[in-house]
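Residues per chain are reported as follows:
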Amino acid sequence: MRVSDFDFHLPEERIALRPARPRDAARMLHVASNGVFADRGVRDLPDLLQPGDLMVFNDTRVIPAALKGIRPARAVGGGGPVEVEVNLHKRIDASAWRAFVRPAKRLRMGDAIAFGETLEAGVTGKSEGGDVRLVFNASGAALDAAIAVAGEMPLPPYIARKRGVDEQDEADYQTLFATHEGSVAAPTAGLHFTPELMAALDARGVEQTRVTLHVGAGTFLPVKSDDTDDHQMHSEWCTVSTEAADAINAAKAEGRRVIPVGTTALRTIESLASGPGVIKAGSRDTDIFITPGSSFAITDMLMTNFHLPKSTLFMLVSALSGLDVMQRAYAHAIAAEYRFYSYGDACLLERTKR
């Protein structure tokens, strides 16, 4: 499909710079399987679900993956000190990460970047788009601790361009379910949940399970191709435990709905699906790219936020509910002044009837 088919105009003022308070006070657009949509709120979620529905949450935890460093003056080849912005996006091993850097053109193979007095990384690989391989002078838990001291919350660029990161973001940009460290972006649909909402869902008889996908910064990369067939999807690590697989398989076998919370949870369960209605426990890197025409083995509904124009995530929701439906739904949301993107409002999408 043409990437331009997934474009729309979003006024700047519709981009949320802070989350709703409390979190479950956000608005939510409900899009039914017949394409009819209605304005609701996140607190209406228990009324829109059925006893026995199974919600699947991503329990990844965001690390402070935004670093600022200095490339010292070069002794050979010239060039004075350069301030470098680094956004870690995929761990390679105990001491190495792939990262997006700015200004990438000022870095060479073999350059060192200092992050404060003790943490340092060497550039050992470069690719297009400002992506580099960094090897740090620490590894494992020691590196994690050093990054926690030197780094900041990696807010999406459309927020970071408008304001600085502050202490409030340390809490705001983690979900209630955040357990396993490794993400460099939040699974933002999960940000809407509070203990009170979880209690209401439990009282309704809605079940829950958890999977893990460590979100990479590639989720914010623009699609530069003109045709979706030419786009190379970024890869992210995900896992489904035996317990989660058993819960999902039981729900599907009994005809109950499986509802991932967020596109990351959806991509995880669809990546580990072994056939219609069946999922296997396991771990893997996934670069699954879901566009209109893709089939869904597990997903019946999706709770998610509003996504960027021409993004892989808008393509995903269009695959679930139909491109024409999502274009109309987003146009309605913009006119009705919904709040967009990571700190914005939510959608509850039913899979379209085919």
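Structural data are supplied above this passage.
Rules behind the numbers
- Residues numbered from 1 in each chain as written.
- Predicted model: local features only at pLDDT ≥ 70, side-chain atom pairs only at ≥ 80, totals over all residues.
- Heavy atoms only, no water.
- Helix = DSSP H or I, 4+ residues; strand = E, 2+ residues; numbered from the N terminus.
- Expected span 1.5 Å × (residues − 1).
- Buried < 20%, exposed > 50% of the residue type's maximum accessible area, 1.4 Å probe, protein only.
- Arc of directions from axis to C-beta.
- Contact = heavy atoms within 4.5 Å.
- Phe/Tyr/Trp six-rings, centres within 6.5 Å; stacked < 30°, edge-to-face > 60°.
- Lys NZ or Arg CZ within 6 Å of the ring centre and 35° of its normal.
- Pairing = 2+ DSSP bridges.
- Axes fitted to C-alpha atoms, helices over the stretch in contact; angles between N-to-C directions.
- Salt bridge = Lys/Arg side-chain N within 4 Å of Asp/Glu carboxyl O.
- Left-handed = near helix turned anticlockwise from the far one by under 90°.
- Nonpolar A, V, L, I, M, F, W, Y, C, P; charged D, E, K, R; others polar.

S.K.: I'd like a description of helix H9 (residues 323-335), backed by residues and values.
M.R.: Helix length check: H9, at 13 residues, gives a terminal C-alpha distance of 18 Å against a target of 18 Å (1.5 Å per residue), a fit within 8%. Listing the buried residues of H9 in full gives Leu323, Val325, Met326, Ala329, Tyr330, Ala333 and Ile334. Buried positions in H9, seen along its axis, are confined to an arc of 165 degrees and lie on one side of it. In this structure, H9 carries Asp324 and Ala335 as exposed residues pointing more than 90 degrees from its buried face. Residues of H9 that are buried in the fold lie against strand S1 (27-31), strand S2 (37-41), strand S18 (301-305), helix H8 (312-321) and strand S19 (346-350). One or two steps after H9, the chain reaches Glu337, where phi turns positive at roughly 65 degrees.

S.K.: Go over the packing of aromatic side chains with me, naming the residues and quoting the values.
M.R.: Using the criterion set out here, one finds 15 aromatic pairs in the structure. Ring geometry for Phe340 versus Tyr341: centroids 6.1 Å apart, planes at 80 degrees, classification edge-to-face. Among the aromatic residues, those joined into a ring-pair cluster are Phe6, Phe8, Tyr158, Phe306, Phe314, Tyr330, Tyr338, Phe340 and Tyr341. Over the ring of Tyr338 we find Arg27; its NZ or CZ atom is 3.9 Å from the centre of that ring.

S.K.: Run through the sheet that holds S1, naming residues and quoting values.
M.R.: What the four strands build is an open sheet, ordered S2-S1-S19-S18; its pairing is mixed. Either end of the sheet is taken by a strand with one partner, and the two such strands are S2 and S18. Pairs of neighbouring strands in the sheet enclose a mean axial angle of 20 degrees, with direction left out of account.

S.K.: Can you break down the pattern of salt bridges residue by residue, with the values?
M.R.: Any two side chains of opposite charge can pair, so long as their charged atoms come close to each other. A full pass over the atoms with the stated rule returns 16 salt bridges. A salt bridge links Arg43 to Asp24, with the shortest nitrogen-to-oxygen separation between them at 3.1 Å. With Arg43 in the loop between S2 and helix H1 (45-48) and Asp24 in the segment before S1, the pair connects residues that are 19 residues apart, well separated along the chain. Looking at Arg43, the relative accessible area reads 48%, which means it is partly exposed. Close ionic contact of Asp144 with Arg91 constitutes a salt bridge, the shortest N to O distance being 2.7 Å. Here the residue Asp144 occupies a position in helix H2 (residues 140-150), and Arg91 occupies one in strand S6 (residues 82-91), the gap between them amounting to 53 residues. For Asp144, a relative accessible area of 32% puts it in the partly exposed group. The network of salt bridges with common partners includes Arg18, Arg163, Asp166 and Asp169.

S.K.: Break down unusual backbone geometry for me, citing the residues and quoting the values.
M.R.: Omega for the bond connecting Arg21 with Pro22 falls within 30 degrees of zero, at -10 degrees, which places this linkage in the cis form. When you line up the elements, Pro22 lands in the segment before S1. Pro103 follows Arg102 through a cis peptide bond whose omega is -5 degrees. Its location among the elements puts Pro103 in the loop between strand S7 (96-102) and strand S8 (112-115). Although it is not a glycine, Glu337 adopts a positive phi angle of roughly 65 degrees.

S.K.: Any chance you could break down helix H5 (residues 195-204) for me, citing the residues and the numbers?
M.R.: If you check which residues of H5 are buried, you get Leu197, Met198 and Leu201. Buried residues of H5, seen end-on, are gathered within an arc of 100 degrees and therefore sit on one face of the element. Facing away from the buried side of H5, by more than 90 degrees, are the exposed residues Pro195, Glu196, Asp202 and Ala203. Of the surrounding secondary structure, the elements contacted by the buried residues of H5 are H1, strand S3 (54-58) and strand S12 (207-213).

S.K.: If you had to explain the packing of H8 against H9 to someone new, which residues and values would you point to?
M.R.: Taken N-terminus to C-terminus, the directions of H8 and H9 make an angle of 115 degrees; their axes are 7 Å apart at the nearest point. Crossing handedness for the pair H8 and H9: right-handed. Residues Phe314, Val317, Ser318 and Ser321 of H8 form the contact with H9, whose participating residues are Leu323, Val325, Met326, Gln327 and Tyr330. Tallied by class, residues from the contact of H8 with H9 come to six nonpolar, three polar and no charged.

S.K.: Explain the pairing of S2 to me, and be specific about the residues and the numbers.
M.R.: As judged from the five bridges shared by S1 and S2, these two strands associate in the antiparallel manner. Paired with Arg27 across the strands is Gly41, a residue of S2. In sequence, S1 turns back onto S2 through a hairpin of five residues, with Gly35 there showing a positive phi of about 90 degrees.

S.K.: Describe in detail the sheet that holds strand S14 (residues 258-260), supporting the description with residues and values.
M.R.: Hydrogen bonds between backbone atoms are what pair the strands of a sheet, whose relative direction is either parallel or antiparallel. Spatial ordering of the open sheet is given by S14-S3-S12-S13-S17, a layout of five strands whose pairing is mixed. In the strand order of this sheet, the two ends are held by S14 and strand S17 (282-286), each with one partner. Here the strands of the sheet are splayed against their neighbours by 25 degrees on average, with no regard to which way each runs. Taken strand by strand, helix H6 (residues 242-253) contacts S3, S12, strand S13 (236-240) and S14, and its axis lies near 130 degrees from that of S12. Lying on the sheet, helix H7 (residues 263-271) is in contact with S3, S12, S13, S14 and S17; it crosses S12 at an angle near 85 degrees.

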